[in-house]
Amino acid sequence: ILAEGGRGTFSNDKWIRGDALNSAASLGVGSDSRNYYRADQVRLTLGRRIDITHGSIEPSIGVQSEHAWSTGSRTPPPKSPWSVFGRSSDEKMKRPNPAVRKGTLASAILESNLDWEKDKVAIKGTARVEAAFDHSASIENGPSSNSNFRQVTVDVRSMFPALMDHSFEFQLHWVGTGNGIAPPQRFAYLGGSGTIATMKLLEQGGDKLFYVSGLYLVPIHQIMLPVVGSPYIGLRYAAGAAGIGKLPALVQNITPMIGVRFLRAEYSIDPSSKKSAFSIGLSLSP
């Protein structure tokens, strides 16, 4: 049993990048792949970790009361958080946070985490179901919402060997909402180099989101560089969309890349619109 509460800053976009990588990208190039809101939260959770062969499952059930409000400016602010590059860009560090609905949201939450690994095959996943049963809120901005919405969030990541010493990484992130539209503090976003590079940073968002990607990596062992080791080449296919109430058409990207440990250069192409995007950034692969 876990009881916790407090005031904090929250985001539904942590699935795009981990905390360390997102902080480094924000400080370096001004690319913060998260939208935020502020809230007072009180949560009571009952859970248990169950060990299975080569891994574990951790189911939990709980209740939560959240009083949320918007943070930051609705328009590009005169001042912004510091970064080496991008701190004066309206699409980077001066990018406004979307408004949320101010008020109290009470809900029941059912969640389960999976962590499994065997013979260089690793699978990590989270499934979360939230059922809201009370929503007393005033509208600051954004669409009206149903106080009794139901929302499912699924995140799955896997890595496994491919031909010879090649490797393949797979990611799926899905947010589905029923029984009306969820309030904006339950919206998820995508766009930018962390997801669909030919979109602007967090260009699309809503209470429905679908994203899938597959990355094939080939190490070049014939070359050995100091500190960073052997370089690699790779090819990623990604497709995704997010919207309010329904999903728009999926946007696809094909991305060839070359990299070394901690650094990667990518060139993404949208085969439908012919848009393209080039980026150099931090990487934790291979």
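Notes on the structure in this doc start here. Predicted model only: the values in this text are computed from it and were never measured.

Digging into helix H1 (residues 19-29)
Along H1, the residues that are buried comprise Asn 22, Ala 25 and Ser 26. Buried residues in H1, looked at end-on, bunch into an arc of 100 degrees, giving them a common side. For H1, the secondary structure elements touched by its buried residues are strand S15 (276-283). Looking one or two residues past H1, Gly 30 carries a phi angle of roughly 75 degrees, positive in sign.

Details of empty space enclosed by the protein
Taken as a whole and assessed by the stated rule, the structure comprises two cavities of 30 Å³ or more. Its boundaries defined by the atoms lining it, the largest cavity holds a volume of some 100 Å³. Asn 35, Tyr 36, Tyr 37, Pro 184 and Tyr 189 are, among the 13 residues lining the largest cavity, the residues nearest its centre. Taken together, the residues that form the lining of the largest cavity break down as eight nonpolar, four polar and one charged. Volume-wise, the second largest cavity comes out at about 40 Å³.

Considerations on the pairing of strand S7 (residues 150-161)
Direction of pairing for S7 relative to strand S8 (residues 167-178): antiparallel, over a ladder of 12 bridges. Paired with Arg 157 across the bridge in S8 is Gln 171. The hairpin formed by S7 and S8 contains five residues between the paired strands, and Met 164 there has a positive phi angle of roughly 50 degrees.

Observations regarding the pairing of strand S4 (residues 55-69)
The side chains of a regular strand alternate, first on one face of the sheet and then on the other. As paired strands, strand S2 (residues 37-47) and S4 are joined by 10 bridges and run antiparallel to one another. Looking at S4, one finds that Arg 43 is bridged to Gln 64. Pairing of strand S3 (residues 50-52) with S4, which is carried by three bridges, proceeds in the antiparallel orientation. Bridged to Ile 52 within S4 is Gly 55.

Some thoughts on the environment of Gly 18
In this structure, Gly 18 sits in the loop between strand S1 (2-10) and H1. Classification of Gly 18 by relative accessible area gives partly exposed; the value is 41%. Along the chain, Gly 18 and Gly 259 lie 241 residues apart, while their C-alpha atoms are 19 Å from each other.

Topic: unusual backbone geometry
Backbone geometry places Met 164, a non-glycine residue, at a positive phi of 50 degrees. Tracing the sequence through the fold places Met 164 in the loop between S7 and S8.

Remarks on a nonpolar patch on the surface
Taken together, Ile 1, Leu 44, Leu 46, Ile 61, Val 63, Leu 110 and Val 129 make up a surface patch of nonpolar side chains, about 680 Å² in accessible area. Elements that contribute at least two residues to the nonpolar patch include exactly S2 and S4. Examined against the element boundaries, Ile 61 turns out to sit in strand S4.

A closer look at the nonpolar core
Of all hydrophobic cores here, the largest spans 16 residues; its most connected members are Trp 15, Leu 190, Ile 196, Met 199, Leu 202, Leu 209 and Tyr 211. Elements represented by at least two residues in this core include exactly strand S9 (188-190), strand S11 (208-219) and strand S12 (232-243). Top element by residues in this core is S9. It accounts for three residues.

Points about the packing of aromatic side chains
Enumeration according to the criterion identifies three aromatic pairs in this entry. Aromatic side chains Phe 10 and Tyr 37 sit 6.0 Å apart centroid to centroid with 35 degrees between the ring planes, which places their arrangement in the tilted category. Highlighted residues: Phe 10 in strand S1 and Tyr 37 in strand S2, separated in sequence by 27 residues. Judged by relative accessible area, Phe 10 falls into the partly exposed class, the value being 23%.

Regarding the pattern of salt bridges
Considering all chains together, one arrives at 11 salt bridges under this definition. The salt bridge involving Asp 40 is made with Arg 7; its shortest N-O contact spans 2.7 Å. Placement of the pair is Asp 40 in strand S2 and Arg 7 in strand S1, with a sequence separation of 33 residues. Judged by relative accessible area, Arg 7 falls into the exposed class, the value being 59%.

Definitions and limits used
Residues numbered from 1 in each chain as written. Predicted model: local features only at pLDDT ≥ 70, side-chain atom pairs only at ≥ 80, totals over all residues. Heavy atoms only, no water. Buried < 20%, exposed > 50% of the residue type's maximum accessible area, 1.4 Å probe, protein only. Helix = DSSP H or I, 4+ residues; strand = E, 2+ residues; numbered from the N terminus. Arc of directions from axis to C-beta. Contact = heavy atoms within 4.5 Å. 1 Å grid on protein atoms, 1.4 Å probe; cavity = no way out; pocket = protein on both sides within 12 Å on 5 of 7 lines; lining within 4 Å. Points joined across faces, edges and corners; volume = space filled by probe spheres on them. Nonpolar A, V, L, I, M, F, W, Y, C, P; charged D, E, K, R; others polar. Pairing = 2+ DSSP bridges. Patch = residues over 30% accessible without salt bridge, like charges linked within 9 Å, V, L, I, M, F, W, Y side chains within 5 Å. Areas by Shrake-Rupley, 256 points an atom, 1.4 Å probe, with all protein chains shown as cover. Salt bridge = Lys/Arg side-chain N within 4 Å of Asp/Glu carboxyl O. Core = buried A, V, L, I, M, F, W, Y, C linked by side-chain atoms within 4.5 Å. Phe/Tyr/Trp six-rings, centres within 6.5 Å; stacked < 30°, edge-to-face > 60°.

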